[in-house]
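Residue strings, one per chain:
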Amino acid sequence: MKCFLIFLCYTFNIAFSQIYNNSKPMSELTCFPPIDDNDPSLMRPIHEDGMFNNPWRTWKKPNMWSIPKFMFETDNSKVPKEKVLDETLPLLKPNFNFDGTGISLTWIGHATTLVHIDGLTLLTDPIFSDRASPSQYFGPTRYRKAAVSVKELPQIDAVVISHNHYDHLDLGSVLALKDRFGSKLQWFVPLGLSQWMRDEGVENVVEMDWWQTSCIITKPDIKFVFTPAQHWTRRGVNDERKTLWGGWSVIGPKHKFYFAGDTGYCPAFEQIGKKYGPFDIAAIPIGAYEPRWFMQPQHVDPEEAVKIHQDVKSKLSIGIHWGTFALAHEYYLEPPMKLKTALKDNNLDNNEFITISHGETKSIS
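Parameters and conventions
- Residues numbered from 1 in each chain as written.
- Predicted model: local features only at pLDDT ≥ 70, side-chain atom pairs only at ≥ 80, totals over all residues.
- Heavy atoms only, no water.
- Helix = DSSP H or I, 4+ residues; strand = E, 2+ residues; numbered from the N terminus.
- Rg over C-alpha atoms; globule rule 2.2 N^0.38 Å.
- Contact = heavy atoms within 4.5 Å.
- Lys, Arg positive; Asp, Glu negative; His and termini not counted.
- Charge placed at Lys NZ, Arg CZ, Asp CG, Glu CD.
- Buried < 20%, exposed > 50% of the residue type's maximum accessible area, 1.4 Å probe, protein only.
- Pairing = 2+ DSSP bridges.
- Axes fitted to C-alpha atoms, helices over the stretch in contact; angles between N-to-C directions.
- Polar contact = N/O pair within 3.5 Å; in protein donor to acceptor, adjacent residues only side chain to side chain.
- 1 Å grid on protein atoms, 1.4 Å probe; cavity = no way out; pocket = protein on both sides within 12 Å on 5 of 7 lines; lining within 4 Å.
- Points joined across faces, edges and corners; volume = space filled by probe spheres on them.
- Nonpolar A, V, L, I, M, F, W, Y, C, P; charged D, E, K, R; others polar.

Once that is clear, we can look at the overall build of the protein chain. On a plain count of helices and strands, the protein chain comes out with nine helices and 16 strands. Taken over the C-alpha trace, the protein chain has a radius of gyration of 19 Å; the compact-globule value for 365 residues is 21 Å, and the two agree within 12%. The C-alpha extent of the protein chain, read off along each of the three principal axes, is 55 × 45 × 40 Å. Sequence-distant contacts in the protein chain: of pairs separated by 6 or more residues, those separated by 24 or more amount to 74%. Separation of charge centres in the protein chain, based on 38 positive and 42 negative side chains, amounts to 2 Å.

What follows is the structure in structure tokens.
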């Protein structure tokens, strides 16, 4: 039943797409229009018949016949009751007393992180709701609450969205952030997603293609670059791959942050590392990877996450996309265990790529 509900969450509600068209006068802009990088060696998404696709041989599109097979395979997640979770996955109260000159990351849960970089504060893929679903009455339920509510957040300057799946683009969280921060908040989203945002009343949205760069006018020394990932998109019945997906490189005057989003392993990460690395902190997914025959094209496992860490030349990587929703079949505590094994197999220090508790913050001066 859980697997069927997960499938429904990827196939409900139609999201319509429209290419970003900024018609505001310059005096009203909060963000500079995206700038293309015309380097012919950079990998680009395939866009045919109104649909995006990945350009690598490592990609294999999920098909309808694989869903029933996935549904009936053994689920080994074995998530215990809350009393046990309080010991194995403790929830910490976040401390948002940032060093204005450094970089820090607080894990809110799943792929939601709060990052403070060179005086700017941003959120990645915010989901504060109880379910990753088109409805809060069914679908995957989080077994660890968000470490903080929207009301408890500090002032946020920007939000980056990797793609439109329900565990990464949550309507309730988008509306709560809109109500809390209004026009002071800048949103960066993939191609095709700005119309959905505007239909929900969200202002200050800029949508971007892979390798495009933009920045907030009030903080022009910090660049937001939309970078490739191997994934796909869908929220409804007829909108498969109508919007793009990817990760984000945030380049400040002193520090760099990389958010991988949701992804399978592909050659793009080496290009990202060569062009924008090394990164001071990277948020890289390590969970929702079993069974591999089904998940490998779209979700890295811890071994592949370590490859991304090396490819993008991250000084400190933090594992995300685990310990919050049971979206796949691996044991709920397996991702950090396999991560340690992968680091050892690659002769890397355990402190290079870590996991942290919900609500915990890691900082670099």
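The next thing to look at is helix 8 (residues 302-311). Burial within helix 8 is extensive, with seven of its ten residues counted as buried. When we look at burial in helix 8, the residues that qualify are Pro 302, Glu 304, Ala 305, Val 306, Ile 308, His 309 and Asp 311. Phi turns positive one or two residues past the end of helix 8, at Lys 313, with a value near 60°.

Strands sit in the order 8-7-6-5-4-3-16 across an open sheet of seven strands; the sheet is mixed. The open sheet is flanked by strand 8 (205-208) and strand 16 (361-364), the only strands paired with a single partner. Taking the axes of each pair of neighbouring strands and ignoring which way they run, one obtains an average angle of 20° across the sheet.

Next up on the list: the side chain of Thr 124. Positionally, Thr 124 belongs in strand 5 (residues 120-124). A polar atom in the side chain of Thr 124 sits 2.8 Å from the backbone oxygen of Ala 111. A polar contact of 2.8 Å, which involves the side chain of Thr 124, links it to the side chain of Thr 113. In this structure, Thr 124 is in contact with Ala 111, Thr 112, Thr 113, Val 160, Phe 257 and Phe 259, ignoring residues within four places of it in sequence.

Going through the model one piece at a time under the given rule, you end up with two cavities of 30 Å³ or more. Considering only enclosed or pocket space, the largest cavity measures out at about 120 Å³ in volume. Lining the largest cavity are 16 residues; nearest its centre among them are Ala 288, Phe 325, Ala 326, Leu 327 and Glu 330. Partitioned by chemical class, the residues of the lining of the largest cavity number nine nonpolar, six polar and one charged.

The next point concerns the environment of Pro 278. Note on placement: Pro 278 falls in the loop between helix 6 (268-276) and strand 13 (279-285). What makes Pro 278 partly exposed here is its relative accessible area of 42%. Linking Pro 278 and Tyr 143, residues 135 residues apart in sequence, is a C-alpha distance of 34 Å. Among all residues touching Pro 278, those that are not within four sequence positions of it are Lys 256, Val 312, Lys 313 and Lys 315.

Ordered by their spatial adjacency, seven strands build an open sheet running 9-10-11-12-13-14-15, and the pairing between neighbours is mixed. In this open sheet, the two strands that pair with only one neighbour each are strand 9 (213-216) and strand 15 (353-354). Relative to strand 12 (residues 256-259), strand 11 (residues 247-251) is paired through four bridges, and the arrangement is antiparallel. Within strand 12, the position partnered with Ser 249 by the bridge is Tyr 258. Along the sheet, helix 8 contacts strand 12, strand 13, strand 14 (314-320) and strand 15; its crossing angle with strand 13, the most-contacted strand, is approximately 155°.

For helix 6, the set of buried residues is Ala 268, Phe 269, Gln 271, Ile 272, Gly 273 and Tyr 276. Here the buried face of helix 6 lies against strand 9, strand 10 (219-227), strand 11, strand 12, strand 13 and helix 8.

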